[in-house]
Amino acid sequence: GHDPVVVADAGDAAAVGGIATLQRAIHETLAYVKQRQVFGQPLMQMQNTRFVLAECQTLATVAKCFVDECVSRALRGELDNATSAMAKWWVSDTVGKVVDACLQLFGGYGYMNEYPIARLYADQRVGRIYGGSNEVMKELIARSMERSTR
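Reading the values: rules and limits
- Residues numbered from 1 in each chain as written.
- Predicted model: local features only at pLDDT ≥ 70, side-chain atom pairs only at ≥ 80, totals over all residues.
- Heavy atoms only, no water.
- 1 Å grid on protein atoms, 1.4 Å probe; cavity = no way out; pocket = protein on both sides within 12 Å on 5 of 7 lines; lining within 4 Å.
- Points joined across faces, edges and corners; volume = space filled by probe spheres on them.
- Helix = DSSP H or I, 4+ residues; strand = E, 2+ residues; numbered from the N terminus.
- Nonpolar A, V, L, I, M, F, W, Y, C, P; charged D, E, K, R; others polar.
- Buried < 20%, exposed > 50% of the residue type's maximum accessible area, 1.4 Å probe, protein only.
- Contact = heavy atoms within 4.5 Å.
- pLDDT = per-residue confidence, 0-100.
- Core = buried A, V, L, I, M, F, W, Y, C linked by side-chain atoms within 4.5 Å.
- Salt bridge = Lys/Arg side-chain N within 4 Å of Asp/Glu carboxyl O.
- Axes fitted to C-alpha atoms, helices over the stretch in contact; angles between N-to-C directions.
- Parallel < 35°, antiparallel > 145°, perpendicular 65-115°, else oblique.
- Left-handed = near helix turned anticlockwise from the far one by under 90°.

With that settled, consider the layout of surface pockets. The calculated volume of the second largest pocket comes to roughly 210 Å³. Lining the second largest pocket we find twelve residues, and of these Gly18, Thr21, Asp123, Gln124 and Gly127 sit closest to its centre. Residue assignment for the lining of the second largest pocket shows that the elements contributing at least two residues are helix 1 (4–35), helix 3 (81–106) and helix 4 (116–124). Per element, the largest residue contribution to the lining of the second largest pocket is four residues, and it comes from helix 1. Taken together, the residues that form the lining of the second largest pocket break down as five nonpolar, six polar and one charged.

Okay, here's the thing in structure tokens:
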């Protein structure tokens, strides 16, 4: 088996890194949509763009609150492995969804490496593997649930 401390530490690091990626993706996208003109107006003025960014910001805020709580618990020695695993898989999965949504707003430019969103898109995929795959994290959570009902 895995050393639980190592799993928790790697998961925590991945979750904290995910928060930075979420914030960067939203920042880069917001700057882009404010200046990009489509049909004679900034892309930011289009309702779909506004709704997508509002959803992304909401997910980023929820993720940050969850990770902040996990870090606080870890500093007090109270973070259990299941909660650490939840943070790792959920944040890395959320990063994937948010970066994908942000890249969509860039259109074809999102695939050009001159734009940071293209690099974030390429780099974020490993987050669901690094520190233990998300499937391993879910197994750790399920085992904890199974033990708590005995």
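Now that the structure has been shown, we can carry on.
Here the focus is unusual backbone geometry. The backbone of Phe39 sits at a positive phi, close to 50°, despite the residue not being glycine. Residue placement: Phe39 occurs in the loop between strand 1 (37–38) and strand 2 (41–42).

Turning to the side chain of Thr83, a few remarks are in order. By the secondary structure assignment, Thr83 is in helix 3. The exposure class of Thr83 is buried, given its relative accessible area of 11%. Every residue in contact with Thr83, bar those within four places of it in the chain, is listed here: Phe66, Cys70 and Arg73.

Per-chain confidence: the protein averages 89 in pLDDT, with 91% of residues scoring 70 or above. Within the protein, helix 1 has the poorest average pLDDT of any element, 82, and helix 2 (residues 47–75) the best, 97. Contacts of residues 1–7 to residues separated by more than four positions or lying in other chains number five contacts, the stretch itself having pLDDT below 50.

Let's shift gears to the nonpolar core. By size, the foremost hydrophobic cluster in this structure holds 28 residues, and its most contacted members are Leu22, Val33, Val91, Cys102 and Ile117. If you tally residues by element for this core, the top one is helix 3, at nine residues.

Further remarks concern the pattern of salt bridges. The final tally for this structure, using the stated rule, is seven salt bridges. With a shortest N-O distance of 2.8 Å, Lys64 and Asp68 are connected by a salt bridge. With Lys64 and Asp68 both in helix 2 and four residues apart, the pair spans about one turn of that helix. Judged by relative accessible area, Lys64 falls into the partly exposed class, the value being 33%. When salt bridges with common partners are traced through the structure, they connect Glu69, Arg73 and Asp80 into a single cluster.

Between helix 2 and helix 3, whose axes approach to 10 Å, the crossing angle comes to 160°. Here helix 2 lies roughly antiparallel to helix 3, going by the angle between them. The two elements helix 2 and helix 3 meet at a crossing, and its hand is left-handed. When helix 2 is examined against helix 3, the residues Thr49, Val52, Leu53, Cys56, Leu59, Val62, Ala63, Phe66, Val67, Cys70 and Arg73 are found in contact with a partner set consisting of Thr83, Met86, Ala87, Trp90, Val91, Thr94, Val98, Ala101, Cys102 and Leu105. Of the residues belonging to the contact of helix 2 with helix 3, the class tally is 17 nonpolar, three polar and one charged.

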